[in-house]
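Residue strings, one per chain:
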Amino acid sequence: MRSFPALLTNTADIELWPGGLLRARSNADARALAQAQWVLRRKADGRYLAVVNAQGVLPLVPHLMREAGIDEALDALERLELGRSRGPQPTALLPLSGLQLRLEQLGIDADQYEADTGLALEAEPAQLRLAGFDRYRRPLWLQHGAALAWRRLQLHAAQDGIALEAISGYRSHDYQLGIFERKRARGLNVQEILQVNAAPGYSEHHSGRALDISSPGEPPAEESFEATPAFAWLLANAGGHGFRLSYPRDNPHGIVYEPWHWYWTGA
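What you are looking at is a predicted structure, and each value in this text was computed from that prediction instead of being measured.

What counts as what
- Residues numbered from 1 in each chain as written.
- Predicted model: local features only at pLDDT ≥ 70, side-chain atom pairs only at ≥ 80, totals over all residues.
- Heavy atoms only, no water.
- Salt bridge = Lys/Arg side-chain N within 4 Å of Asp/Glu carboxyl O.
- Helix = DSSP H or I, 4+ residues; strand = E, 2+ residues; numbered from the N terminus.
- Buried < 20%, exposed > 50% of the residue type's maximum accessible area, 1.4 Å probe, protein only.
- Axes fitted to C-alpha atoms, helices over the stretch in contact; angles between N-to-C directions.
- Parallel < 35°, antiparallel > 145°, perpendicular 65-115°, else oblique.
- Contact = heavy atoms within 4.5 Å.
- Nonpolar A, V, L, I, M, F, W, Y, C, P; charged D, E, K, R; others polar.
- Pairing = 2+ DSSP bridges.
- Expected span 1.5 Å × (residues − 1).
- 1 Å grid on protein atoms, 1.4 Å probe; cavity = no way out; pocket = protein on both sides within 12 Å on 5 of 7 lines; lining within 4 Å.
- Points joined across faces, edges and corners; volume = space filled by probe spheres on them.

Asker: Give a detailed account of the pattern of salt bridges, specifying residues and quantitative values.
Answerer: Taken as a whole and judged by the stated rule, the model has 11 salt bridges. Its salt-bridge partner being Asp 174, residue Arg 102 comes within 2.4 Å of it at the nearest N-O pair. Of this pair, Arg 102 sits in helix H3 (residues 99-106) while Asp 174 sits in helix H6 (residues 173-185), and the two are 72 residues apart along the sequence. For Glu 165, the salt bridge goes to Arg 135, with nearest N and O atoms at 2.7 Å. On the criterion of sequence distance, the pair formed by Glu 165 in strand S8 (residues 165-168) and Arg 135 in the loop between strand S6 (127-133) and strand S7 (139-142) is long-range, its members being 30 residues apart. Glu 165 gets classed as partly exposed once you look at its relative accessible area, which sits at 21%. Ionic contacts of the salt-bridge type, sharing partners, join the residues Arg 42, Asp 45 and Glu 67 into one network.

Asker: I'd like a rundown of the packing of H3 against H6, residues and numbers included.
Answerer: Remark: H3 packs on H6, axes separated minimally by 12 Å, with the N-to-C direction vectors making an angle of 10°. Relative to H6, the element H3 is oriented roughly parallel. When H3 is examined against H6, the residues Leu 99, Arg 102, Gln 105 and Leu 106 are found in contact with a partner set consisting of His 173, Asp 174, Leu 177, Phe 180 and Arg 184. Taken together, the residues that form the contact of H3 with H6 break down as 4 nonpolar, 2 polar and 3 charged.

Asker: Account for the sheet that holds strand S1 (residues 7-10), naming residues and giving values.
Answerer: Strands sit in the order S5-S4-S3-S2-S1-S6-S7 across an open sheet of 7 strands; the sheet is antiparallel. Whereas interior strands pair on both sides, the edge strands pair on one side only; in this sheet they are strand S5 (56-59) and S7. Adjacent strand axes in the sheet meet at a mean angle of 25° when their direction is disregarded. Examined bridge by bridge, S6 and S7 share 3 bridges and lie antiparallel to one another. Pairing of Phe 133 across the sheet is with Pro 139, part of S7. Those strands touched by helix H5 (residues 144-159) are S6 and S7, and its axis lies near 15° from that of S6.

Asker: How would you explain H6 if you had to name every residue and give the values?
Answerer: For the α-helix, the turn length of 3.6 residues means that residues three or four positions removed from each other point alike. Helix length check: H6, at 13 residues, gives a terminal C-alpha distance of 19 Å against a target of 18 Å (1.5 Å per residue), a fit within 8%. Those residues of H6 that fall on the buried side of the exposure criterion are His 173, Asp 174, Gln 176, Leu 177, Gly 178, Ile 179, Phe 180 and Lys 183. Packing partners of the buried residues in H6 comprise H3 and helix H7 (190-194). Positive phi appears at Gly 187, one or two residues downstream of H6, with a value of about 105°.

Asker: An account of the layout of surface pockets is requested, with residue identities and associated values reported.
Answerer: Empty space within the largest pocket amounts to approximately 1200 Å³. As for the largest pocket, its lining consists of 48 residues, and the residues nearest its centre are Arg 138, Ser 168, Tyr 170, Arg 171 and Tyr 175. If you list the elements that add at least two residues to the lining of the largest pocket, you get strand S2 (14-18), S7, S8 and H6. Considering every element that reaches the lining of the largest pocket, the biggest residue donor is H6, with 7 residues. Its boundaries defined by the atoms lining it, the second largest pocket holds a volume of some 240 Å³. Around the second largest pocket, the lining comprises 14 residues; the ones closest to its centre are Tyr 113, Asp 116, Thr 117, Gln 191 and Leu 194.

Asker: Outline the sheet that holds strand S9 (residues 210-214), supporting the account with residue identities and numerical values.
Answerer: One open sheet holds the 4 strands; their spatial order is S8-S9-S11-S10, and the pairing between them is antiparallel. The two strands at the open ends of the sheet, each matched to only one other strand, are S8 and strand S10 (243-245). Taking the axes of each pair of neighbouring strands and ignoring which way they run, one obtains an average angle of 45° across the sheet. Where S8 meets S9, 3 bridges bridge the pair, whose relative direction is antiparallel. Its bridge partner being in S9, Ser 168 is matched across the sheet by Asp 212.

By themselves, these observations are geometric and do not establish any function.
Okay, here's the thing in structure tokens:
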């Protein structure tokens, strides 16, 4: 089997994952994933659509060729398989398509939302690099520079006796929409959700430059993180690695204080 780099190739509707990173959901998935060089994964719900092995493309769903975005995904796969390209440039971004409809479905006026929050639309990277694994042993995907910066930050902290754990990194527009759908199903309205979650398309996590950080034994994404030695260390040292705290107290975006959320500026 050919060796592939730990890179995620991103298209509008489908992700191309390198083999060996995704968990099986059934015995059939386990057999298919065991020999997979690539896995095509639907972004809207995480469904595995097909695997690519030495025999070619093996569909895991009926009517694979009717899937939204399948032609674009197979074109990307062909470029990778034939070696004409290792994929898009690390800084390439996907077009901002389909977001207006998503926002309208939620009753969010994009222009008004941007004016009220000062947040900007965040395009998804066309390629993401494996930056290790998060607390839950899930692959942590970040933009190339952010992945390298996170590893350096984590190593520097360890040298100072501080353990840093990632809670989450890159999230797609579809994933953010799913957060809203699940919370609405629990009875929250959109305005309540917007107090703690950016609108789909406006989360820094879409950029592959943001990650949520915690330390062992601390609950994830809780304000109590600010009382930990890890947070004090981040305040003193994260800037030297190009990371900033996105949502301090009384931030102008109207988002609740998030001591766990850090963004790589590229500096």
